[in-house]
Amino acid sequence: MGGLTRQGRRLRADAERNRAALAAAAREVFAEQGLAAPLEHIAKRAGVGIATLYRNFPTRATLLDAVLADTIAAHHEIVQRALAVDDPWTGLTGYLTEICQLASTADRSAGQTMAIAGIKVYPQLAQLVARAQAAGQLRADLAPTDLLCLTVGIGRIIEVTEPFDQGAWRRQLALALDGLRPAAAHALPRPPCEEFGAQECGVDL
């Protein structure tokens, strides 16, 4: 009565170890190969079968939620901090700088990680854009999806340059920010993306 048997406790402990091993292996494999890495590689790295992986994480999305939980939480904190800054432009640039700093630790998955985390905080990104535009500090034709595309692009730059030139993204971000100012605006060749999801970032959820 009122408790697990010794066998039940052992099975639960084994399941918890497997889940922790899979999450740790996923972080390593995603860092090495990107977020579209074969799940079989993760199961092998964790020392379990693919069936065990699917028992713990039925879809790639559930696995990514577990692996990226801290990163997504950090994005939420960063964007909330940016929205709390009185000056909209300072808040916007502060957000972009902080998430690029965060992405510089993501190894091979920087661009994809920024895309998924950005999608999770998309409503707040839209607020950052709207208030900077209302203040006349941000070009009026910029859409929130443009900001998301920009962060993904900087993430890809980080993936390519970070191994030999840490911080190279700062120059590219500064150039991009100059292009976001109203004074630099010229007519754009096509409308913004209407949708931006994980599949467009090379991650099949």
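This one's a predicted model, so the numbers in the text were calculated from it and none came from an experiment.

K.L.:
What exactly am I supposed to notice about the overall build of the protein chain here?
P.N.:
Counting its regular elements, the protein chain contains 10 helices and zero strands. Across the protein chain, helices and strands are ordered from the amino to the carboxyl terminus as α-α-α-α-α-α-α-α-α-α. Considering the protein chain as a whole, with its 205 residues, one finds that 42% of them fall into the buried category. Long-range pairs, those at least 24 residues apart, make up 72% of the contacts in the protein chain between residues at least 6 apart in sequence. Of the roughly 11,200 Å² of accessible surface on the protein chain, 54% is carried by carbon and sulfur atoms.

K.L.:
Looking at this model, I keep getting lost on the pattern of salt bridges. Mind explaining?
P.N.:
Side-chain pairs of opposite charge can arise whenever the charged atoms involved come near each other. Taken as a whole and assessed by the stated rule, the structure comprises seven salt bridges. One salt bridge connects R17 with D14, and the closest N-O pair in it is separated by 2.1 Å. Of this pair, R17 and D14 are both found in helix α1 (residues 6-33), three residues apart, which corresponds to roughly one turn of the helix. Among the residues examined, R17 registers a relative accessible area of 52% and is labelled exposed. Notably, a salt bridge pairs K120 with D65, separated by 3.6 Å at the nearest N-O pair. Of this pair, K120 sits in helix α7 (residues 110-120) while D65 is found in helix α4 (residues 60-67), placing the two residues 55 residues apart along the sequence. One network of salt bridges, in which partners are shared, links E28, E32 and R45.

K.L.:
It is not clear to me how the nonpolar core should be interpreted in this structure. Could you clarify?
P.N.:
Across soluble globular proteins, you tend to see nonpolar side chains buried next to one another. By size, the foremost hydrophobic cluster in this structure holds 30 residues, and its most contacted members are L92, Y95, L96, L125, L128 and L138. The set of elements that each furnish at least two residues to this core consists of α5 (69-84), α6 (88-103), α7, α8 (122-134), α9 (144-161) and α10 (169-180). When residues of this core are assigned to their parent elements, the largest contribution, seven residues, is made by α6. Leave out the neighbours within four places in its chain, and L138 touches W89, L92, V129, A132, Q133, L180 and P182. Grouped together as the second largest cluster of nonpolar side chains are 21 residues, L22, I42, A43 and I72 included.

Rules of the game
Residues numbered from 1 in each chain as written. Predicted model: local features only at pLDDT ≥ 70, side-chain atom pairs only at ≥ 80, totals over all residues. Heavy atoms only, no water. Helix = DSSP H or I, 4+ residues; strand = E, 2+ residues; numbered from the N terminus. Buried < 20%, exposed > 50% of the residue type's maximum accessible area, 1.4 Å probe, protein only. Contact = heavy atoms within 4.5 Å. Areas by Shrake-Rupley, 256 points an atom, 1.4 Å probe, with all protein chains shown as cover. Salt bridge = Lys/Arg side-chain N within 4 Å of Asp/Glu carboxyl O. Core = buried A, V, L, I, M, F, W, Y, C linked by side-chain atoms within 4.5 Å.

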